[in-house]
Amino acid sequence: MTTEGSLSPEIVLAEMKKHGITHVVWLPDSETNWLYTLMKADPTITLVPVPREGLAFSCAAGLYIGGAKPVILIQNTGLMESGDSMRGWTMGLNIPVVLMVGYRGYTRHGVNRDTAATYTEPFLNAFHIQYYLVENSEDAPRISVAFEEAQKNKRPVAVLVGDEYHGFNR
Amino acid sequence: MMKMEEILKVFAPHRGDAIVVSGRANRHWDKISTNKNRDLSLGDPAMGGHASFALGLALAQPNKKIVLFDSEGDLQMSMGALSMIADQMPKNFVHFVLDNECYGTTGGQPVPNAKNIAYDVIAKGCGYASSYAYTNLESFQVNVKRIMEENGPVFVAMKIIPEIENLPIGQRAPRLGKTKEQSVADLRKELGVNN
């Protein structure tokens, strides 16, 4: 399914499943809709939709403490809304969780027209959250790096999805 | 209006082997509980998250009853958690909201529209399997056994007498019981999880 220069949702899902995810706590955005279709069809994954992104962090904490393996799938706008919840429920409780973050407004050439993109990386840096940029299928192994790092350090680690799966940013 | 401590004493004999997320009720629950390895006392990691946290726990442990003692101030911060919970329909989840109509730990200022909100109606409207509201202990006492036996998610709104704290945080008595880290570690050991 992969084509050079685009990000295959099948590859993204396969990379997440390598790490045994059980629940995807998520709020839809344009970056993840195609992935949603795949996840919904996968019987090994439970989707937990949230009405506001901050709730994803507290829910993921409960899932992890109860023995499950959640991943959070949200857009950068919602990440910024979630600051206190991320601090208290995941960093404060030592929860290893990967945040798959749709990087709305990201442009490879660096000229942003969307402040959602302007503030995303400074926001992550302010919270000392390690992050990895994934723009195409060749970058997908970075998702595994994020999972390994989250598990090792018992902290959230972000993957910035810098491309809609259909590659609109180019 | 009921005393929080008395509600917890009425609840305790019906707890069974449920996991109890004690929230702001921990100040009393820690003295009442007789199964501390199944108590989860986290303090207040970030206000507004207790209901969605307990949902996560209920989904991860579908064969264990999860009881949450939430507060109306916490719930008001994230009312959308009710629809999120109802969407998953965890049969093993009992959601108490202890409603003192104010922010008890910041001096007792009223929550928005404090006296006029029917949280049980909102929960039912969001799709909870059942919901109840109690203003006196006798009615709760009569119904608590049935509440604990019902399929969830069950919502129980309880009007309580405020216990106001007005000291600066640094001057307050230390929290009771275990640290949050120890509480989490003990529960995970009890559940045999090591993810």
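Residues numbered from 1 in each chain as written. Chains lettered and ligands numbered in written order. Predicted model: local features only at pLDDT ≥ 70, side-chain atom pairs only at ≥ 80, totals over all residues. Heavy atoms only, no water.

## Brief notes about the pattern of salt bridges
All names here are of chain B.
- In total, this model carries 22 salt bridges over all chains according to the counting rule given.
- A salt bridge links Glu-165 to Arg-27, with the nearest nitrogen and oxygen atoms 3.6 Å apart. With Glu-165 in the loop between strand E8 (154-159) and helix H8 (180-191) and Arg-27 in helix H2 (residues 26-32), this pair connects stretches of sequence that are 138 residues apart.
- Judged by relative accessible area, Arg-27 falls into the partly exposed class, the value being 25%.
- Residue Arg-146 is joined to Glu-150 by a salt bridge in which the shortest nitrogen-to-oxygen separation is 3.2 Å.
- You can call Arg-146 partly exposed: its relative accessible area is 38%.
- Each member of the salt-bridge network shares a partner with another, and the members are Asp-99, Glu-101, Lys-115 and Lys-159. (Salt bridge = Lys/Arg side-chain N within 4 Å of Asp/Glu carboxyl O. Helix = DSSP H or I, 4+ residues; strand = E, 2+ residues; numbered from the N terminus. Buried < 20%, exposed > 50% of the residue type's maximum accessible area, 1.4 Å probe, protein only.)

## A closer look at the pairing of strand E3 (residues 70-75) of chain A
Residues and elements named next belong to chain A.
- Taken across its six residues, E3 has six buried, putting it largely inside the fold.
- Every second residue of E3 is oriented toward a common face, with Pro-70, Ile-72 and Ile-74 on one face and Val-71, Leu-73 and Gln-75 on the other, all of them buried.
- By the bridge criterion, four bridges tie strand E1 (residues 23-26) to E3 in an arrangement that is parallel. Bridge pairing links Trp-26 to Leu-73 in E3. (Pairing = 2+ DSSP bridges.)

## A word on the interface of chain A and chain B
- Contacts between chain A and chain B engage 27 residues on the former and 30 residues on the latter.
- When chain A packs against chain B, the two sides together hide about 2,000 Å² of surface, and 68% of this comes from carbon and sulfur.
- Considering only the surface of chain A that becomes buried against chain B, A:Leu55, A:Ile65 and A:Trp89 emerge as the three largest contributors, covering 31% of it.
- Our count for the contact surface shared by chain A and chain B stands at 10 residue pairs in polar contact (both at pLDDT 80 or more).
- Mapped by element, the contributors of at least two residues to the side of chain A that touches chain B are strand E2 (46-49), helix H3 (54-65) and helix H5 (83-91) of chain A.
- When residues in the side of chain A that touches chain B are grouped by element, the largest group, eight residues, is from H3(A).
- Residues of the side of chain A that touches chain B, tallied by class, amount to 14 nonpolar, 11 polar and two charged. (Contact = heavy atoms within 4.5 Å. Buried area = accessible area lost by both parts, 1.4 Å probe. Polar contact = N/O pair within 3.5 Å; in protein donor to acceptor, adjacent residues only side chain to side chain. Nonpolar A, V, L, I, M, F, W, Y, C, P; charged D, E, K, R; others polar.)

## Focus: the environment of A:Arg87
- Within the secondary structure, A:Arg87 sits in helix H5.
- Remark: the alpha-carbon pair of A:Arg87 and A:Phe57, spanning 30 residues in sequence, is separated by 8.9 Å.
- Setting aside chain neighbours within four positions, we find A:Arg87 in contact with A:Gly92, A:Phe127, B:Pro45 and B:Ala46.
- Side-chain polar atoms of A:Arg87 contact the backbone oxygen of B:Pro45, separated by 3.1 Å.

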